[in-house]
Amino acid sequence: MSLKDRRLAELRARIPEVGPADALALQSGGALLVDVREDEETASGSPAGALRLPRGFLELRIEDKAPDAARTVLLLCAGGTRSLFAAEDLARLGYADVRSVAGGFSAWKAAGLPVEVPPQLDAAQRERYRRHLTMPEVGEAGQHRLLRSRVALIGAGGLGSPIALYLAAAGVGRLTLIDDDRVERSNLQRQILHAESRLGQRKVESGRTALLDLNPTIEVVAHDTRLEAGNVLELLGGHDVVVDGSDNLPTRYLVNDACLRLGVPNVYGAIFRFEGQVAVFGGAAPGLRPCYRCLFPEPPPAEYAPSCAEAGVLGVLPGVIGTIMAAETIKLLLGLGEPLAGRLMLYDGLRGEFNEIAVPADPDCPSCSNGVTAVLSDIAAVCGG
Ligand SMILES: [Zn+2]
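Residues numbered from 1 in each chain as written. Predicted model: local features only at pLDDT ≥ 70, side-chain atom pairs only at ≥ 80, totals over all residues. Heavy atoms only, no water.

A. Geometry of the coordination of the zinc ion. Around the zinc ion, the protein contributes the donor atoms Cys291 (SG), Cys294 (SG), Cys365 (SG) and Cys368 (SG), at 2.3 Å from the metal centre. Taken in sequence order, the residues that donate to the zinc ion follow the motif C-x2-C-x70-C-x2-C. For the pair Cys291 and Cys294, one class covers both residues: buried. (Donors = N, O, S within 2.8 Å, 3.2 Å for Na, K, Ca; no water. Buried < 20%, exposed > 50% of the residue type's maximum accessible area, 1.4 Å probe, protein only.)

B. Structural view of the pairing of strand 9 (residues 174-178). Along strand 9, four of the five residues are buried, which leaves the element largely enclosed by surrounding structure. A crossover connection joins strand 8 (residues 150-154) to the parallel strand 9 through helix 10 (residues 160-170); in handedness this β-α-β unit is right-handed. Pairing between strand 9 and strand 10 (residues 219-223): five bridges, direction parallel. Bridging across to strand 10, Arg174 finds its partner in Glu219. (Helix = DSSP H or I, 4+ residues; strand = E, 2+ residues; numbered from the N terminus. Right-handed = clockwise from strand over helix to strand, strands pointing away. Pairing = 2+ DSSP bridges.)

C. Representation of the sheet that holds strand 4 (residues 51-52). Spatial strand order, 1-6-5-2-4: five strands in an open sheet with parallel pairing. Either end of the sheet is taken by a strand with one partner, and the two such strands are strand 1 (17-18) and strand 4. The sheet contact formed by strand 2 (residues 32-35) and strand 5 (residues 73-76) spans four bridges and is parallel. Directly across from Leu32, in strand 5, lies its bridge partner Val73.

D. The arrangement of the packing of aromatic side chains in detail. Using the criterion set out here, one finds six aromatic pairs in the structure. Ring geometry for Tyr253 versus Tyr292: centroids 5.0 Å apart, planes at 70°, classification edge-to-face. Of this pair, Tyr253 sits in helix 13 (residues 249-262) while Tyr292 sits in helix 14 (residues 292-295), placing them 39 residues apart in sequence. On the accessibility criterion, Tyr292 (3% relative accessible area) is buried. Residues Tyr347 and Phe354 carry aromatic rings whose centres are separated by 4.8 Å and whose planes lie at 40° to one another, so their mutual orientation is tilted. An aromatic cluster is built from Tyr253, Tyr268, Phe281, Tyr292 and Phe296, whose rings are joined through pairwise contacts. The ring of Phe105 carries the charged tip of Arg37 above its face, separated from the ring centre by 4.2 Å. Over the ring of Phe57 we find Arg61, and its NZ or CZ is 4.2 Å from the ring centre. (Phe/Tyr/Trp six-rings, centres within 6.5 Å; stacked < 30°, edge-to-face > 60°. Lys NZ or Arg CZ within 6 Å of the ring centre and 35° of its normal.)

E. View of the sheet that holds strand 12 (residues 266-272). In spatial order, the strands read 10-9-8-11-12-13-14-15; together these eight strands make up an open sheet with mixed pairing. Whereas interior strands pair on both sides, the edge strands pair on one side only; in this sheet they are strand 10 and strand 15 (353-358). Between one strand axis and the next, the sheet turns through 15° on average, direction left out of account. (Axes fitted to C-alpha atoms, helices over the stretch in contact; angles between N-to-C directions.)

F. Summary view of the pairing of strand 5. Neither face of strand 5 is left uncovered, since the one carrying Val73 and Leu75 and the one carrying Leu74 and Leu76 both have all their residues buried. As defined by bridge partners, strand 5 adjoins strand 6 (residues 98-101) across three bridges and the pair is classed as parallel. Bridging from a neighbouring strand, Val73 pairs with Val98 of strand 6. Viewed along the sheet, the connection from strand 5 through helix 5 (residues 82-93) into strand 6 turns out right-handed.

G. Summary view of a nonpolar patch on the surface. Where nonpolar side chains cluster on the molecular surface, the patch consists of Phe274, Leu314, Val316 and Leu350 and spans about 380 Å² of accessible area. For Phe274, the location among the structural elements is in the loop between strand 12 and strand 13 (275-281). By relative accessible area, Phe274 is classed as partly exposed at 33%. (Patch = residues over 30% accessible without salt bridge, like charges linked within 9 Å, V, L, I, M, F, W, Y side chains within 5 Å. Areas by Shrake-Rupley, 256 points an atom, 1.4 Å probe, with all protein chains shown as cover. Salt bridge = Lys/Arg side-chain N within 4 Å of Asp/Glu carboxyl O.)

H. Layout of helix 9 (residues 139-148). Listing the buried residues of helix 9 in full gives Gly139, Gly142, Gln143, His144 and Leu146. Contacts from the buried residues of helix 9 go to helix 8 (130-133), helix 10 and helix 16 (317-334). (Contact = heavy atoms within 4.5 Å.)

I. Focus on the nonpolar core. Ranked by internal contacts, the top residues of the largest apolar core, which has 38 residues, are Val151, Leu167, Leu211, Val243 and Met325. Only strand 8, helix 10, strand 9, helix 11 (203-214), strand 11 (241-244), strand 13 and helix 16 provide two or more residues apiece to this core. Per-element accounting of this core gives the leading share, eight residues, to helix 16. With residues near it in sequence (within four places) discarded, Val243 still touches Val151, Ala152, Leu153, Ile154, Ile163, Val267, Met325 and Thr329. Counting residues in each nonpolar core, the second largest holds 20 residues, with Leu32, Val36, Leu58 and Ala87 among its members. (Core = buried A, V, L, I, M, F, W, Y, C linked by side-chain atoms within 4.5 Å.)

Right, dumping it as structure tokens:
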């Protein structure tokens, strides 16, 4: 008996093996099925719903994927040998119930059990997103999720610029830009999406040019129009996240109410001189319940609202706030961390200080409290736009 055979016999005596059909039944019952073959092997097919984690990364990443060491873990390789060795490693790591699928993927396929072909990143995508792929929290699955995502961005101005650039760079598959302005020279002090060479162009067209130059593999949909009660549902519908980079209160109320109606999270940000604020509002998830109207029930009287054109803003400020909005958007798309919901983050640029205040859901909120369906309406402009 060779050393390897002796070692295998020893492993078989200790590691429980299950047949493919039993593995499928256990998987349906909540066990985690892990395909430990290399990416080149799983490219042509892998058990449906399996976690694909090559043997070399197994011990490094399994805890992120299966934090509960009591959960049953089923390991599968090509023929049932590598999975035995891998099972021993996981048992040593502290997993209480690790089993190896006898006969591996060949037996799985021969039994006619469900197989899926995982979507593949091509070589250029692999290179472009390498810094995402090496992070276990994103990885190949997360990158695919970003590539399948659809984000609507209202405003291709100060806040919209860093938001659009970072979402495009991250590989958000479809970006919808909504704005009805033209690029003016006075925009360029902060609106880094645009350029001197594109003065006079529609902002959504100038924005699309810049974004596709940065990442030609995504889709950028340009709507050269102003959001109104009559078009807001159509324009925002079908997106995973809405990002409100608008600079006026009527749009914010409209976007808030439309997002509640659509059940889509709304990433909000605002800037004024040296200060800014960011929050995530109302989506389908109950945790995101407080909405913009819970925070600001009604628009302020016109005399208290600064004229947007005259207010002034330090050029870098939208960069700080917009970048945080982009980070919150990517977290929502990937289901990572804790969204900035139920809290308002405040930034004071002069003091160099971040603060946070709690935003409780208002039980009498006219938009999001129980049984209230927001009525979409255009509010008269309270600032110069
Ligand atoms: Zn509310």
